Amino acid sequence: MLGIIANFYCYFLTFLSFCVVVSRFQNIAGWDFEDMSILYGLNLCSYAIAGTFVWYSVYHLENEITTGKLDLYLTRPMSVLGQLICSRFGDTFIGQIIVTLMFLINALIKNSGILSWQMAAYLICTLFGGVALQMGAMILMGALSFWTLRSERIGELFYYQLRALTHYPLVIYPGWIKVLLTTIAPWAFISYYPALIVLNKAVTKWEYVCGVVSPMIGFLFLGASVFVFHCGLRRYTSAGS
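Counting restarts for each chain: residues are numbered from 1 in the order of the written sequence. Given that the model is predicted, a residue must reach a pLDDT of at least 70 before its local features are reported, and side-chain atom pairs must reach 80 or more before they are shown or counted; all residues, however, enter totals for whole chains, interfaces and linings. The side-chain values count all of the structure's non-hydrogen atoms but skip hydrogen atoms and water molecules.

What about the pattern of salt bridges?
We define a salt bridge as a side-chain nitrogen of Lys or Arg found within 4 Å of a carboxyl oxygen belonging to Asp or Glu. Per the counting criterion, the structure on display carries four salt bridges. A salt bridge links K110 to E34; its shortest N-O distance comes to 3.5 Å. Remark: E34 occurs in helix 2 (residues 33–59) and K110 occurs in helix 6 (residues 94–110); sequence separation between them is 76 residues. Elements are defined by DSSP. Helices are runs of H or I of four residues or more, strands are runs of E of two residues or more, and each kind is numbered from the N terminus.

A closer look at the packing of helix 7 (residues 117–143) against helix 8 (residues 151–164)
Note on method: axes are straight lines fitted to C-alpha atoms, helices fitted across the in-contact stretch only, with angles between N-to-C directions ranging 0 to 180 degrees. Taken N-terminus to C-terminus, the directions of helix 7 and helix 8 make an angle of 155°; their axes are 8 Å apart at the nearest point. Our classification of the angle between helix 7 and helix 8 gives roughly antiparallel. Within the contact between the two elements, helix 7 uses Q134, A137, M138, M141 and G142 and helix 8 uses S151, I154, G155, Y159 and R163. Tallied by class, the residues present in the contact of helix 7 with helix 8 amount to five nonpolar, four polar and one charged. Should an angle fall under 35 degrees it is called roughly parallel, over 145 degrees roughly antiparallel, and 65 to 115 degrees roughly perpendicular, with every other angle called oblique. Whether two residues touch is decided by their heavy atoms; if any such pair falls within 4.5 Å, the residues are in contact. For this classification, the nonpolar set comprises Ala, Val, Leu, Ile, Met, Phe, Trp, Tyr, Cys and Pro, the charged set comprises Asp, Glu, Lys and Arg, and every other residue, Gly included, is treated as polar.

A few points about the packing of aromatic side chains
Under the pairing criterion, centres of Phe, Tyr and Trp rings, with the six-membered ring standing for Trp, must be within 6.5 Å; the plane angle then separates stacked pairs below 30 degrees from edge-to-face pairs above 60, leaving the rest tilted. Inspection of every chain in the model, using the stated rule, returns 22 aromatic pairs. Aromatic side chains Y59 and Y160 sit 5.8 Å apart centroid to centroid with 80° between the ring planes, which places their arrangement in the edge-to-face category. Placement of Y59 in helix 2 and of Y160 in helix 8 is noted, with a sequence separation of 101 residues between them. Taking relative accessible area as the criterion, Y160 reaches 18% and is therefore assigned buried. An aromatic cluster is present here, built from Y47, W55, Y56, Y59, F93, Y159, Y160, W187 and F221 joined pairwise through their rings. Charges are assigned to positions over rings by a cutoff of 6 Å between ring centre and Lys NZ or Arg CZ, combined with an angular limit of 35 degrees from the ring normal. For the cation-ring pair, R88 lies above Y56, with the distance from its terminal atom to the ring centre recorded as 3.9 Å. Between the NZ or CZ atom of R163 and the centre of the ring of Y159, over which it lies, the distance is 4.9 Å. With a 1.4 Å probe rolled over the protein chains alone, any residue whose accessible area is under 20% of its type maximum counts as buried; one over 50% counts as exposed, and the rest are partly exposed.

Describing helix 8
Taking 1.5 Å per residue as the helical rise, helix 8 with its 14 residues ought to reach 20 Å, and the 18 Å between its terminal C-alpha atoms agrees with that figure. Of all the residues in helix 8, the buried ones are S151, E152, G155, Y159, Y160, L162 and R163. Looking at the packing, one finds that the buried side of helix 8 touches helix 2, helix 3 (61–67), helix 7 and helix 9 (175–180). Each helix should span, by expectation, one fewer than its residue count multiplied by 1.5 Å.

Considering unusual backbone geometry
Positioned with a positive phi, Q26 is a non-glycine residue whose angle comes to about 75°. Here Q26 shows up in the loop between helix 1 (2–25) and helix 2. A positive phi angle, close to 55°, is found at N200, a residue other than glycine. Within the secondary structure, N200 is located in the loop between helix 10 (192–198) and helix 11 (205–235). The exposure class of N200 is exposed, given its relative accessible area of 67%.

Right, here's the structure in full:
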């Protein structure tokens, strides 16, 4: 319960920080507080849902390997990835989900004029795609533990720190950062490109196409991450080898 409350409080303050910044500067590159709530809300909500299932177990796979606990999963008649997912329910992420839904729903209500049933269906697909991409990222970072026992350091840089750039509209950054977050680390497909579609802010054909295919990118990335996980698992023998 303390973990849920702490997460709620922490991210409530994050949303308030966006409100303060927007109130001071009127908008951020044309994005008002409701727009920022949708952008950040899609990112945080998909992260929290994905983290509920795989953050404590798969993302922190290096702990299972270094302590030898992974060997136990290999003796059971169930997939190792499935066992890891079932081993721990990330209940503390409930706080993030609650606070995100508060601000996200409020923003969607205030932008109800642009939210048709087609757009609502796209928003749901986007959320599922975002969850898939976030889960894929966590699984991929954990799978790197089969090659290096310090994959969490890699995840801190390539997942957390780079993904944090997508909390703001990418138009405020140099062009190479937008390319980086679209190709090398495709975190822009989690919330930025979908938000462009939902808020009718896509100004180029490329942005529109990226927004449309974002849910598909998420599931493709998840599939690729699961493949990498099983490749690493095949090369793993035991903690004592």
